[in-house]
Amino acid sequence: MTDIDAVKRALREQRIETPSWAYGNSGTRFKVFPQPGVPRNAYEKLEDAAVVHRFTGVAPSVALHIPWDRVDDYADLRRHAESLGISIGAINPNVFQENEYRLGSVCNPDPAVRRKAIDHILECIQIAEVTGSNILSLWFADGTNYPGQDDFIARQDRLAEALREVYDRMPDGMRMLLEYKLFEPAFYHTDIPDWGTSYAHCLALGERAQVLVDTGHHAPGTNIEFIVAVLLRVGRLGGFHFNSRFYADDDLMVGAADPFQLFRIMLEIVKAGAVNSSVAFMLDQCHNIEPKIPAMIRSVLNVQEATAKALLVDLDALRQAQENGDVLGANEVLMDAYHTDVRPLLASLREEMGIDPDPLAAYRRSGYAEKIIQERQGGTQAGWGA
């Protein structure tokens, strides 16, 4: 039998980090679509993130992307976050938008370009220290487009050398999360294309280097929950970038394309007792055509609902069926939990937490969208590259 009070405790303590870049304008390779009321700077991004936390109760931190979120005084930015009741989360260096990175950043054959990229990452460590962050989140667009363009092993050696310098400069208590991506923008090969490559580099670095799983960075049909289980088993799952995809790295709202997959992933987290562990649950999405803040709220709710269903799985019954070789019985245990409507449970939990049981409806009634549209007229809206 499932202990509903224990389920509620786990859900109450769950933390889901939102990304600053999701509050700015974004789009496709062909067009960035501006929206009214979009933040003009990092301070206003924090204000929007605080609103998501106010209506969900479980999103108390926001990830930064540097230099998109560059400010003159990071201590002041931290104070602003704290005044809003939130904190600054993972720091994400950007080493893919400068002209010099045409042939890569830390894997670039030019040592001067590699130096520039490493120095920027080291700067982000300093920013993390000032803002109170303990996570350095790394993703590299490095790779090649054509056979023979560069040497695979030479690029891996450059990558390892750069990661070692960065890792050794991290203060105690800081973790490096190393993300991977199957392809894009490099189409022949990517320097960190899969979890195995990320894991190999993390093993060489040390215990504070862990793998980051972006749910959109896999080939169709990939069993992501198996990857999650393996990384949990060896203690190297650092965190997630949650989103959805139909084809490639679509960066749609998490749970939109395949909510059953999100449930299966969260079940592995629940089985490992990692719902409220050091595993970082972060959103990484681009809301191109839907309004930003409601999309963030909806995404947080989707993760909550998947987690609640995973927590409702009768693990004792599941284990017994597995040990007895009862294939259908084991599957039935999972499906019973997945088909449970957990929305009443979550509404009850929110009432106990002192927040509205329907976060999206509460946001719409709040008038915040109308307020920021009026207040944020003029200036340059934040977005990709800003």
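Report follows, based on the coordinates. Predicted model only: the values in this text are computed from it and were never measured.

Structural notes on the side chain of His189
Part 1 of the reasoning: The residue His189 is located in strand β9 (residues 189–190) in this model.
Part 2 of the reasoning: A polar contact is formed between the side chain of His189 and the side chain of Thr144, at a distance of 2.7 Å.
Part 3 of the reasoning: A polar contact of 2.9 Å, which involves the side chain of His189, links it to the side chain of Asp191.
Part 4 of the reasoning: For His189, the contacting residues outside a window of four places in its chain are Gly143, Thr144, Phe152 and Arg155.

Brief notes about the pairing of strand β11 (residues 237–242)
Part 1 of the reasoning: β11 sits mainly inside the fold: six of its six residues count as buried.
Part 2 of the reasoning: Two strands pair when backbone bridges link them, and strand β10 (residues 209–214) and β11 are joined in this way by four bridges, in the parallel orientation. When the sheet's bridge partners are listed, Leu212 is paired in β11 with Gly239.
Part 3 of the reasoning: Of the crossover connections in this fold, the one passing from β10 over helix α7 (residues 224–233) to the parallel β11 is right-handed.
Part 4 of the reasoning: Sheet topology places β11 next to strand β12 (residues 280–283); four bridges connect them, and they run parallel.

Remarks on the environment of Ala200
Part 1 of the reasoning: With respect to the helices, strands and loops of the structure, Ala200 is situated in helix α6 (residues 195–205).
Part 2 of the reasoning: Each C-alpha atom, one on Ala200 and one on Ala160, is 10.0 Å from the other, the two residues being 40 residues apart in sequence.

Let's talk about the nonpolar core
Part 1 of the reasoning: If you look at the biggest cluster of nonpolar residues, it comprises 106 residues, and the most contacted ones within it are Phe140, Phe240 and Ile269.
Part 2 of the reasoning: A per-element tally of this core places helix α9 (residues 292–311) first, with ten residues.
Part 3 of the reasoning: Leaving out residues up to four positions away in the same chain, Ile269 has contacts with Val228, Leu232, Leu237, Phe240, Ala274, Val275 and Phe281.
Part 4 of the reasoning: With nine residues, the next largest nonpolar core counts Trp21, Trp68, Ala90 and Leu212 among its residues.

About the cut-offs
Residue positions are given per chain, counting from 1 as you read along its sequence in written order. The model is predicted, so local features are restricted to residues of pLDDT at least 70 and side-chain atom pairs to those at 80 or more, both for listing and for counting; the totals for chains, interfaces and linings are taken over all residues. Only hydrogens and water are set aside; all other atoms, that is, all heavy atoms of the structure, feed into the side-chain values. The numbering of helices and of strands both runs from the N terminus, where a helix is a DSSP run of H or I of at least 4 residues and a strand a run of E of at least 2. Here a polar contact means two N or O atoms within 3.5 Å. Within protein one must be a hydrogen donor candidate and the other an acceptor candidate, and residues neighboring in sequence count only if both atoms are side-chain atoms. Any two residues whose heavy atoms approach within 4.5 Å at even a single point are treated as in contact. To sort residues, take the accessible area from a 1.4 Å probe on protein chains only and compare it with the maximum for the residue type: under 20% means buried, over 50% means exposed, and anything in between is partly exposed. Two strands pair if DSSP finds at least two bridges between them. Assignment of crossover handedness uses the view with strands pointing away from the viewer, where a clockwise path from the first strand over the helix to the second indicates a right-handed crossover. Take the buried Ala, Val, Leu, Ile, Met, Phe, Trp, Tyr and Cys residues and link them wherever side-chain atoms come within 4.5 Å; each set so joined is a nonpolar core.

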